[in-house]
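Next come the chains, spelled out residue by residue.
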Amino acid sequence: LILSQGDRFFIFNSINKLWIHKSNLIVNKAFVGVHIRRGDKITETNFISLDDYCLEIIRACKLINTKCVYIFTDLKLDGESLKDKLQGYDVELEFLDENGYFHQEYLNLSNDIKASKTLKLCDIVNKLAGSAYFIGSNDGNLSAFITILRNGKYVSDLRNEGLLIY
């Protein structure tokens, strides 16, 4: 199948070069999925502290009786700091961008890199949607989309300086 609709062709043209995310932590275990968005998003919304994420992760882990946590963030330093705070938990970190996602920078990437990042992101979304409990801030598209995929069940929304539990 070949699409001839401009930029969409690059996905099919480079499919054999792409690396798809494969997790080695959680196969059939219940886990808490976490999305932390920083980058250019922190200029648009309220900043949510790592301590708030940590407290909610601990609460969610107790609720579903697990110590497995999967964290996807666009800021590697935040992910590593949160993992350090969660001693005794089995934490897997994932990032596409180590220093924050900035949309203008993304637009300047080659089509091959965009395709690779997009397919990896699709796999991450699938994994987060399959978590037993999801934590994010629904002022970002990714967290909002995962909340929709989960029909709002077992989700914590950390926006607006408070925890909104669905």
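Before going into details, it helps to say that this report is about the structure given with it. (Residues numbered from 1 in each chain as written. Predicted model: local features only at pLDDT ≥ 70, side-chain atom pairs only at ≥ 80, totals over all residues. Heavy atoms only, no water.)

With that settled, the discussion passes to the pairing of strand S1 (residues 32–36). Of all the five residues making up S1, five are buried; the element is thus mostly covered by neighbouring parts of the structure. In this sheet, strand S2 (residues 68–73) lies alongside S1 in parallel orientation, the contact comprising five bridges. Paired with His35 across the two strands is Phe72, which belongs to S2. In the sheet, S1 pairs with strand S4 (residues 133–136) via three bridges, with the strands oriented parallel. Directly across from Val32, in S4, lies its bridge partner Tyr133. (Buried < 20%, exposed > 50% of the residue type's maximum accessible area, 1.4 Å probe, protein only. Helix = DSSP H or I, 4+ residues; strand = E, 2+ residues; numbered from the N terminus. Pairing = 2+ DSSP bridges.)

It is worth spelling out the packing of helix H2 (residues 50–64) against helix H3 (residues 76–85) at this point. Orientation of H2 relative to H3, taken along the N-to-C sense of each, is 50°, at an axis distance of 10 Å. Between H2 and H3, the angle is such that the two are oblique. Along this stretch, H2 crosses H3, giving a crossing that reads as right-handed. Counting all contacts with H2, which are made through Leu50, Asp51, Tyr53, Cys54 and Ile57, the residues of H3 involved are Asp78, Ser81, Leu82 and Lys85. Broken down by class, the residue content of the contact of H2 with H3 amounts to five nonpolar, one polar and three charged. (Axes fitted to C-alpha atoms, helices over the stretch in contact; angles between N-to-C directions. Parallel < 35°, antiparallel > 145°, perpendicular 65-115°, else oblique. Left-handed = near helix turned anticlockwise from the far one by under 90°. Contact = heavy atoms within 4.5 Å. Nonpolar A, V, L, I, M, F, W, Y, C, P; charged D, E, K, R; others polar.)

Scanning all chains against the criterion turns up two aromatic pairs. Note on Phe31 and Tyr70: the rings are 6.4 Å apart at their centroids and 85° apart in plane angle, and the pair reads as edge-to-face. Residue Phe31 is found in the loop between helix H1 (9–13) and S1, and its partner Tyr70 is found in strand S2; the two are separated by 39 residues along the sequence. Judged by relative accessible area, which is 6%, Phe31 ranks as buried. The class of Tyr70 is buried, set by a relative accessible area of 0%. Lying over the aromatic face of Phe31, Lys127 brings its terminal NZ or CZ to 5.9 Å of the ring centre. (Phe/Tyr/Trp six-rings, centres within 6.5 Å; stacked < 30°, edge-to-face > 60°. Lys NZ or Arg CZ within 6 Å of the ring centre and 35° of its normal.)

Of all hydrophobic cores here, the largest spans 20 residues; its most connected members are Val34, Leu82 and Ile135. Elements supplying a minimum of two residues to this core: S1, H2, S2 and S4. Looking at this core element by element, the count peaks at seven residues for H2. Contact partners of Ile135, with chain neighbours within four places excluded, come to Val32, Gly33, Val34, His35, Tyr53, Glu56, Ile57, Ala60, Ser156 and Leu158. (Core = buried A, V, L, I, M, F, W, Y, C linked by side-chain atoms within 4.5 Å.)

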